[in-house]
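Chain and residue survey
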Amino acid sequence: MSRAVMTPAEAARREDLRQRSFTLTPPEGVTVRFDVASLASRMGAQILDILISFGVVLALMIPLALSPLSIGPVAGILFALLTLFIRAPYYILSELFWNGRTLGKRILRLRVISADGRGLTTHAVVMRNLMKEVEVFMPGTMLLAAQMMGVVWQVTLLIWVVVLLAVPFLNRHRQRIGDILAHTLVVSEPRSVLLSDLAETEPADRFVFTEAHLGHYGRFELQTLETFLRAHPLQGAPQTVHPSVVALAAQIRKKIDFEDPVPEADALIFLHAFYRAQRAFLERKKLYGDVREDKHHSEPP
Amino acid sequence: MTDAVQIKSTRFRAQRQADWQALEALVDKAEARGPAGLTLEEAQTLARLYRKAATSLATAREISLDRGLLLYLESLVERAFLAVYAPQETLSGVVSGFFSRSGPRAMRASLMALLLSAGAMLLGGFIAWMLYFQDNTWYHTFVPADLAAGRGPGATTQYLRDGLFDGPESFVASLAVFAAYLFSHNTRVALFGFALGVFACVPGFLLLFYNGLMIGSFAALYADRDLGYELFGWLSVHGVTELSAIIIAGAGGFRMGFAVLFPGALSRRDALRVAGRDAVKLAMIAVLMLLAAGLLEGFARQLITSTEIRLAVGWGIGALWLAWFALAGRRTA
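Residues numbered from 1 in each chain as written. Chains lettered and ligands numbered in written order. Predicted model: local features only at pLDDT ≥ 70, side-chain atom pairs only at ≥ 80, totals over all residues. Heavy atoms only, no water.

1. A closer look at the overall build of chain A
Each helix and strand counted, chain A has eleven helices and four strands in total. When each of the 301 residues of chain A is scored for burial, the buried share is 44%. For chain A, the proportion of contacts with a sequence separation of at least 24, taken over those separated by at least 6, is 68%. For chain A, the exposed surface amounts to about 15900 Å²; the carbon and sulfur share of it is 65%. (Helix = DSSP H or I, 4+ residues; strand = E, 2+ residues; numbered from the N terminus. Buried < 20%, exposed > 50% of the residue type's maximum accessible area, 1.4 Å probe, protein only. Contact = heavy atoms within 4.5 Å. Areas by Shrake-Rupley, 256 points an atom, 1.4 Å probe, with all protein chains shown as cover.)

And the structure:
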């Protein structure tokens, strides 16, 4: 078999790279990676925001329409005016006071961050939302009136819209023109869940692993095992051992030449004990500069 | 293997976990209520715990292979960073800062662009004026029919005069004029003038130039009928503010265009960002002035029918704008 076939670790790394992320360096110097928001969710948030702002405008229009002032002849114009006065300030003020979140972005768990590793500034928020008027709303309104325009303007509008839509697809961080000028980007809101430490307690001292046993695997395999074990915790484990647990335990035993017998009933305990020993071993190696990325670590490149 | 001993990364976690959870609770609170929702003591604790968590993250990356822990710490540091470095502005601070300092300063920093922008429009006006007196059919070339609304070389002088002094009768009709104005030609010119400046100044220049052509044609038509002074008064009421707004919007565009053409030592992207700081403020000022011009056109212009008072109002307001741009925010705070 040729080397063209990717190892699972390589595939995982490639997948990781494909996931768009933005590395931000806060003033404290510890870099963090934000997930760049998908264009679909941003579109969703934009639609929600448009609905919300139109809802507010309508809510203001209805009492006016019921009042004795006869606004009938100017209703359309009044609507356009209110939209103008509510729309841009809504985006600017909500992003400024709610730290990069409009209501639509809140609902879809997105937020605007500044790409320079500092907080959002008033300038950045105003810039990206003024450009939104030119980028999103002006072509949007003009599209509605497109059939009344001449061919030259229709072609101009078409080119304009195509360019605007292409920009976020063409750059890594999915920035629209307003984002580029304001040096901002939209990311998914980080969520934090503290999972338990799988290596907290020694599950059993029955299984003793030597350096020869632990020299096979690297970080990638260890963390894959971690994901598996989080789905099969030791506490509250069912009486009958899941067949995948038995299969995995057998696989690992074979790979590391573990000679002591492992009864099927103890397969889960064996896996947890192995995880703990392997992690302690790899962490110690790493501390001394021997970073083992995956099981191919000892092979020549 | 001795059992009682925890592995190093587990011990590391056990010692710090309480701090992380305290930080998470504070971040939850800050996210729900905004930065103002924390007491001073909580805010100080938030900043302190954030720095500790950032250090923990840096250490954990070196010593721990617990993926669950690394992901948790990273997201916690991200959320705490956003909470600590949240914008601290207040609405009144933003507004007063703009009016008293940053707005006029941006204007003074953009003198070249303003001159160029005004020059483009004046040039257009001058050329149209000259052409009209050679051959008045040029008027139809420069002024689109829907904008002219019957006002052209073929119209009677009486018709032209009536247009200058008649007005809407009611409040609602004034509102309609105001709104129609806002969405009319000039607002679009201003917006495009700003947006098109980015493309290396050329489309923005042409737009301002063309706008000048139209105004020049109008002026020549009325001057030809000896209504020049009356037109000047009619235009002055809102035109001083409105044409300045267009020039300012165009100047904002030129600032961006200059950055694209002559980025200097910066990359074009960075040069655009730097120029954008002033350009955005010019755009805001232009929007503000267009609103004022809309109010003047919808309400003031037809209420005041004396040409002298029209001149006084129009240029008086112009002088106020100029005073704001020239004088505000001079002192360094």
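Resuming the write-up.
2. Notes on the interface of chain B and chain A
Of the residues lining the interface, 64 residues belong to chain B; the matching set on chain A comes to 70 residues. Between chain B and chain A lies a buried interface of about 6200 Å² when both sides are counted; carbon and sulfur atoms form 67% of it. Of all residues in chain B, Leu65, Leu82 and Arg273 of chain B bury the most surface against chain A, accounting for 12% of the area lost on that side. At the boundary of chain B and chain A, one finds two salt bridges. At the boundary of chain B and chain A, one finds 22 residue pairs in polar contact (both at pLDDT 80 or more). Counting residues per element, the ones that place at least two in the side of chain B that touches chain A are α1 (8-33), α2 (40-63), α3 (67-84), α4 (91-109), α9 (171-182), α10 (185-197) and α13 (268-303) of chain B. Tallying contributions element by element places α3 of chain B first for the side of chain B that touches chain A, with eleven residues. Residue classes in the side of chain B that touches chain A are distributed as 37 nonpolar, ten polar and 17 charged. (Buried area = accessible area lost by both parts, 1.4 Å probe. Salt bridge = Lys/Arg side-chain N within 4 Å of Asp/Glu carboxyl O. Polar contact = N/O pair within 3.5 Å; in protein donor to acceptor, adjacent residues only side chain to side chain. Nonpolar A, V, L, I, M, F, W, Y, C, P; charged D, E, K, R; others polar.)

3. Brief notes about unusual backbone geometry
All names here are of chain A. Look at asparagine 99: it is not a glycine, yet its phi comes out positive at around 55°. Tracing the backbone through its elements, the reader meets asparagine 99 in the loop between α3 (75-97) and α4 (103-107). Looking at asparagine 99, the relative accessible area reads 10%, which means it is buried. The backbone of histidine 183 sits at a positive phi, close to 60°, despite the residue not being glycine.

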